[in-house]
Amino acid sequence: MEKTINELIAYCGVDCSACPDYQNGVCPSCRRTEWTADDICMPVKCCREKSIISCGDCADFPCGDMKEFYGESESHAEAYRRMLAAGGDSK
Ligand code: SF4
Ligand code: SF4
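Model, not experiment: these values are computed from the prediction.

With that settled, consider the overall build of the protein chain. Counting its regular elements, the protein chain contains 4 helices and 0 strands. For the protein chain, the succession of helices and strands along the chain, N to C, is α-α-α-α. A globule of 91 residues ought to have a C-alpha radius of gyration of about 12 Å, and the protein chain, at 13 Å, matches this closely. By its C-alpha atoms, the protein chain is 35 × 30 × 30 Å across when sized along the principal axes. Buried positions account for 29% of the 91 residues belonging to the protein chain. Within the protein chain, contacts between residues at least 6 apart in sequence are counted, and of these 47% link residues at least 24 apart. One way to put it: in the protein chain the 10 positive side-chain charges average out to a point 5 Å from where the 16 negative ones average out.

In structure tokens:
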């Protein structure tokens, strides 16, 4: 079955709807941001190049860079668990 994309869950798994910038209208969320080629978030670029919905669907998940990212805070750890759950049915 084809996966549906929750536009407010970022490529890395972070929940944009819980972010103050999103709530205050400062940022439209990662998926709706118009990234420029020379200023694009690494997982966004990487997922788009691989044509995958998010890092949870990556064969290398979590890669070294993302491992570091997921260890940075509780919200990032939550993103990791979300990605584990999302990727679980495709591996
Ligand atoms: S790491 Fe990238 S995809 Fe994840 S929340 Fe930050 S900008 Fe969005
Ligand atoms: S986990 Fe995979 S898709 Fe995500 S940044 Fe790392 S290599 Fe790219």
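Further notes follow.
This paragraph deals with the site of ligand 1. Residues in contact with ligand 1, as listed here, are Ala10, Tyr11, Cys12, Val14, Cys30, Trp35, Cys41, Val44 and Phe69. Broken down by class, the residue content of the shell around ligand 1 amounts to 9 nonpolar, no polar and no charged.

On to the site of ligand 2. As a matter of local geometry, ligand 2 sits amid Met42, Cys46, Cys47, Lys50, Ile52, Cys55, Cys58, Cys63 and Met66. Per element, the largest residue contribution to the shell around ligand 2 is 4 residues, and it comes from helix α2 (residues 42–50). Counted by class, the shell around ligand 2 contains 8 nonpolar, no polar and 1 charged residues.

Right, let's get into α2. Along α2, the residues that are buried comprise Pro43, Val44 and Cys47. End-on view of α2: buried residues confined to an arc of 105°, all on one side of the axis. For α2, the elements touching its buried residues are α3 (64–70). Looking one or two places after α2, you find Ser51, whose phi comes out positive at around 55°.

This paragraph deals with the pattern of salt bridges. Within this structure, the stated rule accounts for 4 salt bridges. Between Arg32 and Glu7 there is a salt bridge, with its nearest N and O atoms 3.0 Å apart. Within this pair, whereas Arg32 is found in the loop between α1 (20–23) and α2, its partner Glu7 is found in the segment before α1, the two being separated by 25 residues in sequence.

A few words on helix α4 (residues 74–87). Between its first and last C-alpha, α4 extends 20 Å over 14 residues, near the 20 Å set by a 1.5 Å rise per residue. Three or more residues of α4 are buried, namely His76, Ala77, Ala79, Met83 and Gly87. For α4, the angular spread of buried residues about the axis comes to 155°, placing them on one side. What points out from α4, more than 90 degrees from its buried face, is the exposed set Glu74 and Ala85.

Rules used in this analysis
Residues numbered from 1 in each chain as written. Chains lettered and ligands numbered in written order. Predicted model: local features only at pLDDT ≥ 70, side-chain atom pairs only at ≥ 80, totals over all residues. Heavy atoms only, no water. Helix = DSSP H or I, 4+ residues; strand = E, 2+ residues; numbered from the N terminus. Rg over C-alpha atoms; globule rule 2.2 N^0.38 Å. Buried < 20%, exposed > 50% of the residue type's maximum accessible area, 1.4 Å probe, protein only. Contact = heavy atoms within 4.5 Å. Lys, Arg positive; Asp, Glu negative; His and termini not counted. Charge placed at Lys NZ, Arg CZ, Asp CG, Glu CD. Near = heavy atom within 4 Å. Nonpolar A, V, L, I, M, F, W, Y, C, P; charged D, E, K, R; others polar. Arc of directions from axis to C-beta. Salt bridge = Lys/Arg side-chain N within 4 Å of Asp/Glu carboxyl O. Expected span 1.5 Å × (residues − 1).

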